[in-house]
Amino acid sequence: MNDLVIETRALHKRFRTRNGHRVAVAGLDLAVPAGGVHGFLGPNGSGKTTTIRMLLGLARATSGQMWLFGQAVPARLPQVLPRIGAVVESPKFAPTFTGRQNLQLLARSIGVPDVQVDACLETVGLTGREKDRFGSYSLGMKQRLAIAATLLTSPDLLILDEPTNGLARPASGRSAR
Ligand SMILES: Nc1ncnc2c1ncn2[C@@H]1O[C@H](COP(=O)(O)OP(=O)(O)OP(=O)(O)O)[C@@H](O)[C@H]1O
Ligand SMILES: [Mg+2]
């Protein structure tokens, strides 16, 4: 059909509130072509997370249409989700397991070999800290581990909400004072 990986038309989301309702997304038309990086910018409360949640089937749209890889969602989500990696909420991992153990658990549950775990840890720059407990990671390290988890299956599309939260290049061993 076309090579849009994400498309929305006239997407609306209205939440019920105690005093009536709140419009979170008002007629969003989005067209994200394949093969690039698309930044989805807007002020706090402008509906970015809500849109991502609707695309992934975590929230229901009030009206409008959505497609992922040209497939209508949410109806076709079971077919397209295996091609997508996403970090939408704060990453949830077992705090007493190491970063590597957490990834291994995930990888084994989906039949991904351990070698891929190490490759993903390296890609996100966690090599050297992979044997530390997740609970001892900094915010950025937790975010890196979540990104590593999305890479285990080599997805065609990555959707990251607030992808740069806590991320910065490590300052070569220097600590804040
Ligand atoms: N479950 C909910 N019930 C009621 N209102 C909600 C709910 N979730 C989000 N909203 C409202 O929808 C609007 C959009 O919220 P959303 O989280 O999508 O914004 P955002 O663009 O991701 O903001 P931020 O930059 O702060 O992450 C906000 O006004 C928010 O208060
Ligand atoms: Mg948000």
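Throughout, a residue's number is its position along its own chain's written sequence, starting from 1. Key to labels: chains lettered from A, ligands numbered from 1, both in the order written. The predicted origin of the model limits local features to residues at a pLDDT of at least 70 and limits the giving and counting of side-chain atom pairs to 80 or more, whereas totals for whole chains, interfaces and linings rest on all residues. Side-chain descriptors were evaluated using all non-hydrogen atoms of the structure, hydrogens and water having been removed beforehand.

Asker: Teacher, can you tell me more about the site of ligand 1 here?
Answerer: Taken together, the neighbourhood of ligand 1 is formed by Phe-15, Arg-22, Ala-24, Pro-43, Asn-44, Gly-45, Ser-46, Gly-47, Lys-48, Thr-49, Thr-50 and Glu-162. N or O atoms closer than or at 3.5 Å make up a polar contact, with two conditions inside protein: a donor-capable atom paired with an acceptor-capable one, and, for residues adjacent in sequence, both atoms drawn from side chains. Arg-22 places a polar side-chain atom, nitrogen or oxygen, 3.1 Å from a nitrogen atom of ligand 1. With respect to ligand 1, the backbone of Gly-45 contributes an N or O atom lying 2.8 Å from an oxygen atom. Helix numbers and strand numbers start at the N terminus; a helix is a DSSP run of H or I with at least 4 residues, a strand a run of E with at least 2. Elements with a contribution of two residues or more to the shell around ligand 1: β2 (20-33) and α1 (48-55). Only a single heavy atom is needed: when it lies within 4 Å of a molecule or strand, its residue is near that molecule or strand.

Asker: Explain the nonpolar core here, please?
Answerer: Nonpolar side chains in soluble globular proteins generally cluster together in the buried interior. Residue types Ala, Val, Leu, Ile, Met, Phe, Trp, Tyr and Cys, when buried and joined through side-chain atoms within 4.5 Å, form a set referred to as a nonpolar core. Classification of residues uses two cut-offs on accessible area relative to the type maximum, computed with a 1.4 Å probe and protein chains only: under 20% is buried, over 50% is exposed, and between them is partly exposed. Residues Ile-6, Leu-68, Phe-69, Val-80, Ile-84, Leu-157 and Ile-159 are the most contacted members of the largest nonpolar core, which totals 22 residues. Counting residues per element, the ones that place at least two in this core are β1 (4-17), β2, α1, β3 (63-68), α2 (77-80) and β6 (157-160). The biggest single contributor to this core is β2, with four residues. In what follows, a contact means two residues having at least one pair of non-hydrogen atoms within 4.5 Å. Leaving out residues up to four positions away in the same chain, Ile-84 has contacts with Leu-56, Leu-68, Phe-69, Pro-155, Leu-157 and Ile-159. Counting residues in hydrophobic clusters, the runner-up holds 19 residues, among them Phe-93, Val-112, Phe-134 and Leu-145.

Asker: How should I be thinking about the environment of Thr-8 in this particular structure?
Answerer: By the element assignment, Thr-8 lies in strand β1. The spatial distance from the C-alpha of Thr-8 to the C-alpha of Met-66 is 4.3 Å, given a sequence separation of 58 residues. In this structure, Thr-8 is in contact with Leu-28, Asp-29, Leu-30, Leu-55, Gln-65 and Met-66, ignoring residues within four places of it in sequence.

Asker: I'm lost on the domain arrangement of the chain in this one. Help?
Answerer: How big an interface is tends to be reported as the loss of accessible area on association of its parts. Domain annotation of the chain identifies domain 1 (4-82) and domain 2 (89-177). Bear in mind that the domain bounds are from an automatic or database domain assignment. Inter-centroid distance (C-alpha atoms) of domain 1 to domain 2 is 26 Å. On the domain 2 side, the residues contacting the eight residues of domain 1 number five residues. Interface of domain 1 and domain 2: buried area, both sides summed, is about 660 Å²; carbon and sulfur atoms make up 68% of it. When two parts are put together, the accessible area they lose, computed with a 1.4 Å probe and summed over both, is reported as buried area. Per-residue buried area on domain 1 facing domain 2 is highest for Thr-49, Ile-52 and Phe-69; these three make up 46% of the total on that side. Between Lys or Arg on one side and Asp or Glu on the other, a salt bridge is scored when a side-chain nitrogen of the former is within 4 Å of a carboxyl oxygen of the latter. Between the two partners, domain 1 and domain 2, sit zero salt bridges. Here domain 1 and domain 2 share one residue pair in polar contact (both at pLDDT 80 or more) between them.

Asker: Would you take a moment to explain the packing of helix α3 (residues 99-109) against helix α4 (residues 114-123) for this structure?
Answerer: Helix-helix packing: each pair is described by the crossing angle between the helix axes and the interaxial distance. Note on definitions: angles span 0 to 180 degrees between N-to-C directions of axes, and those axes are lines fitted to C-alpha atoms, for helices only across the stretch in contact. Where α3 meets α4, the axes come as close as 9 Å, and the angle between the chain directions of the two elements is 135°. When the interaxial angle is binned, α3 and α4 end up oblique. Considering the relative orientation of α3 and α4, their crossing is right-handed. When α3 is examined against α4, the residues Arg-100, Leu-103, Gln-104, Ala-107 and Arg-108 are found in contact with a partner set consisting of Asp-114, Val-117, Asp-118 and Leu-121. Under the scheme applied here, ten amino acids are nonpolar (Ala, Val, Leu, Ile, Met, Phe, Trp, Tyr, Cys and Pro), four are charged (Asp, Glu, Lys and Arg), and all others, including Gly, are polar. Looking at the contact of α3 with α4, its residues break down into four nonpolar, one polar and four charged. Every angle not falling under 35 degrees, over 145, or within 65 to 115 is termed oblique; those three ranges are roughly parallel, roughly antiparallel and roughly perpendicular. Take the far helix as the reference: if the near one is turned anticlockwise from it by less than a right angle, the crossing is left-handed, and if turned clockwise, right-handed.

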